[in-house]
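Secondary and tertiary structure notes
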Amino acid sequence: MSNFQIDQTNTTPSISGSRETSSFEIRGKCYPEDTPKFFNPFIFWLKEYLAIDASELTATFDIQYFNSSSSKFFFDIFDMLDEARQNGHKIIINWEYAAENESSQEAGEDFIEDFEAMTINLVVKGQTL
Amino acid sequence: MDLQELNSQLKDKGVIFVHSGYVSHEILSLIIEALEKKTDDMTIAGKPAQKVFTIIIEMMQNVLNYKAEKGTQGPIDAILVVGYIVKTNTLYIKCGNMIDSVDQEFIEKKIKSICHLEKDELRKKYRELRKSGEGQHSRGAGLGFLEIQRNASEPIQCKFFANGEGRSFYSLEANI
């Protein structure tokens, strides 16, 4: 399968998914004009990725701010990853945020509570762990 | 109209930014970009800029989606005001547009049901609603009002002014 790549715009994040590195990254601001239209191609790619025997996947989210309909899509992506985890895939999620971005931190904490069994790391950007 | 008078009125009210007239997704992104360029440290009047942006985005997309939902033609008209009151250290965001008067009750009910919730309750409700998929991916303000209230520090407020012809001016206000 091919890699997935879309570039960042003023209102949508960049998304890059790679089979070679077993990872995908979503970075930027996210309030698309038409949220389903924006996310559906990536959801399709991810489904395909998880259908093949991808034993590992590292997902990185670095979203400065997002609208509520995107939040729903992030939830759906987490849900897909959780299902893959239950099917034996090794999934690691990194939720990155800037230290002063309280909203993004809270969003990451919400996902940790919603997906207790998942490995979700909150990563403060610009700080070495 | 005396522009000088209008300008000094806006200044008296602590207005930082105002847009009145045609709105679109592109204009929304330009507004956010303009406000973002004004800040070096991601704060606006000392408040976290992400909160301000999130509220503006939800409010404006509500307006745009409302119009799309109704399927009405023609340009979308709205007013957005961002301002800061020094005395109370309050940053306010207000957004107004015309709606069908029949929709007032639905909006009022939604806002009343969430605006007085504590932070933890809001968070719980937001997560429940997102999980349930209720109103999933649909247009309209399911999670939207909760998102606005989560980012506000006081209960959000709505006001309606009927024009007597089945239409009402609807304003939504949030303080940080």
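Whatever comes next refers back to the structure up there.
What you see is a predicted model; the values in this text were computed from it and never measured.

Here is what the cut-offs are and how they apply
- Residues numbered from 1 in each chain as written.
- Chains lettered and ligands numbered in written order.
- Predicted model: local features only at pLDDT ≥ 70, side-chain atom pairs only at ≥ 80, totals over all residues.
- Helix = DSSP H or I, 4+ residues; strand = E, 2+ residues; numbered from the N terminus.
- Rg over C-alpha atoms; globule rule 2.2 N^0.38 Å.
- Buried ≥ 20, exposed ≤ 12 C-beta atoms within 10 Å, placed from the backbone.
- Contact = placed C-beta atoms within 7 Å.
- Nonpolar A, V, L, I, M, F, W, Y, C, P; charged D, E, K, R; others polar.
- Pairing = 2+ DSSP bridges.
- Right-handed = clockwise from strand over helix to strand, strands pointing away.
- Axes fitted to C-alpha atoms, helices over the stretch in contact; angles between N-to-C directions.
- Core = buried A, V, L, I, M, F, W, Y, C linked by C-beta atoms within 7 Å.

Quick look at the overall build of chain A
What chain A contains, in helices and strands, is three helices and six strands. In chain A, the succession of α and β elements from N to C terminus is β-β-β-α-β-α-β-α-β. Computed over C-alpha atoms, the radius of gyration of chain A comes to 14 Å, within 12% of the 14 Å expected from 2.2 N^0.38 for 129 residues, which places it in the range of a compact globule. Projected onto the principal axes, the alpha-carbon positions of chain A cover approximately 40 × 30 × 25 Å. Counting across all 129 residues of chain A, residues that qualify as buried make up 36%. In chain A, the share of contacts with a sequence separation of at least 24, taken over all contacts with a separation of at least 6, comes to 65%.

Some words on the interface of chain B and chain A
Between chain B and chain A, the residue contacts involve 22 residues of the former and 20 residues of the latter. Within the residue set of the side of chain B that touches chain A, elements represented by two or more residues are α2 (25-38), α3 (49-70), α5 (119-132) and α6 (143-151) of chain B. Top element by residues in the side of chain B that touches chain A is α3 of chain B. It accounts for seven residues. Within the side of chain B that touches chain A, the residues separate by chemical class into five nonpolar, nine polar and eight charged.

A few points about the pairing of strand β4 (residues 56-66) of chain A
Residue and element names in this part refer to chain A. With seven bridges joining them, strand β3 (residues 23-30) and β4 adopt parallel strand pairing. Opposite E25, over in β4, you have T60 as the bridge partner. Here seven bridges tie β4 to strand β5 (residues 90-97), and the two strands are oriented parallel to one another. Residue E56 lies in a different strand from β5, and its bridge partner there is K90. As a crossover connection, the stretch from β4 through helix α2 (residues 68-86) into β5 is right-handed.

Considerations on the sheet that holds β5 of chain A
Residue and element names in this part refer to chain A. Here we have six strands laid out as an open sheet, ordered β1-β2-β3-β4-β5-β6, and mixed in their pairing. Edge strands, defined here as strands with exactly one partner in the open sheet, are β1 (4-6) and β6 (119-124). Along the sheet, successive strands turn relative to each other by an average axial angle of 15°, direction set aside. Direction of pairing for β1 relative to strand β2 (residues 14-18): antiparallel, over a ladder of three bridges. For I6, the partnering residue across the bridge sits in β2 and is I15.

Considering unusual backbone geometry
Residues and elements named next belong to chain B. Of note in this structure, M42 is not a glycine but carries a positive phi near 55°. Within the fold, M42 resides in the loop between α2 and β2 (43-44). In the Ramachandran plot, N89 falls in the positive-phi region, its phi being about 50° despite a non-glycine side chain. Take N89: it is sitting in the loop between β4 (76-85) and β5 (90-100). N89 gets classed as exposed once you count the C-beta atoms within 10 Å, which come to 11.

Observations concerning the nonpolar core
Residues V52, I55, I56, M59, M60, I93 and C95 of chain B are the most contacted members of the largest nonpolar core, which totals 60 residues. The element best represented in this core is α3 of chain B, accounting for ten residues.

Structural notes on the sheet that holds β5 of chain B
Hydrogen bonds between backbone groups are what pair the strands of a sheet, and the pairing can be parallel or antiparallel. All names here are of chain B. Here we have five strands laid out as an open sheet, ordered β1-β4-β5-β7-β6, and antiparallel in their pairing. Every interior strand has two partners, whereas the edge strands, β1 (15-23) and β6 (157-162), have only one. Adjacent strand axes in the sheet meet at a mean angle of 15°, parallel and antiparallel pairs treated alike. In the sheet, β5 pairs with strand β7 (residues 167-175) via nine bridges, with the strands oriented antiparallel. Note on β7: the bridge partner recorded for M98 is F169. Lying on the sheet, helix α4 (residues 104-114) is in contact with β6 and β7; it crosses β6 at an angle near 165°.

Spatial relationships are all this shows, so hold off on functional conclusions.
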